[in-house]
Amino acid sequence: MSFSFKGYGENVLTFPTKLTQAGIPVEVGANSVVSKAAADKDFIGVTSYADGELAGVILNGYVELPYTGTAPAFGFSALAANGTGGVKTASSATHFVKVIKVDTSKKTVGFIL
């Protein structure tokens, strides 16, 4: 038997973008255009799809992303984008998430936005 956290409280909005990659943290800029979140930046959500014109962005719900650096702590943790499509533990951030899964062998973290 397996379990999944996907779908929990998930809310997705569609934004204009030039991105073509799903599953990356994004930030929003002028005219509501989303782009890959730069290193050390807070992110508004994670792309669920992107086709070069539009991107579905998960603003609430469960996501899993690769992490770099120190493994995030369970519970409320400050995460920032790492600039390469994943996240990292932030020394100072305003973006706190609920970390409920950490796989240190795969270097992935599962959290609720």
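Here, every reference points to the structure presented above.
Given the structure is predicted, the values throughout are model-derived calculations rather than measurements.

The rules behind each value
- Residues numbered from 1 in each chain as written.
- Predicted model: local features only at pLDDT ≥ 70, side-chain atom pairs only at ≥ 80, totals over all residues.
- Heavy atoms only, no water.
- Pairing = 2+ DSSP bridges.
- Helix = DSSP H or I, 4+ residues; strand = E, 2+ residues; numbered from the N terminus.
- Salt bridge = Lys/Arg side-chain N within 4 Å of Asp/Glu carboxyl O.
- Buried < 20%, exposed > 50% of the residue type's maximum accessible area, 1.4 Å probe, protein only.

By the bridge criterion, two bridges tie strand β2 (residues 25–28) to strand β4 (residues 45–50) in an arrangement that is antiparallel. Across the sheet, the residue bridging to Pro-25 is Val-46, located in β4. Judged from the four bridges that link them, β4 and strand β5 (residues 54–60) form a sheet pairing that is antiparallel. Within β5, the residue paired with Val-46 across the bridge is Ile-58.

On inspection of all chains with the given rule, the structure shows two salt bridges. Taking the shortest distance from any N to any O, the salt bridge between Lys-88 and Asp-40 comes out at 2.5 Å. Taken together, the positions of Lys-88 in strand β8 (residues 87–89) and Asp-40 in the loop between β3 (34–36) and β4 put the pair 48 residues apart, joining distant regions of the chain. The exposure class of Lys-88 is partly exposed, given its relative accessible area of 22%. Between Glu-64 and Lys-101 there is a salt bridge, with the nearest N and O atoms lying 3.1 Å from each other. Taken as a pair, Glu-64 in strand β6 (residues 62–68) and Lys-101 in strand β9 (residues 96–103) lie far apart in primary sequence, 37 residues in all. With relative accessibility at 39%, the residue Glu-64 sits in the partly exposed group. With relative accessibility at 33%, the residue Lys-101 sits in the partly exposed group.

Honestly, that's just the spatial picture; any functional story needs more than this.
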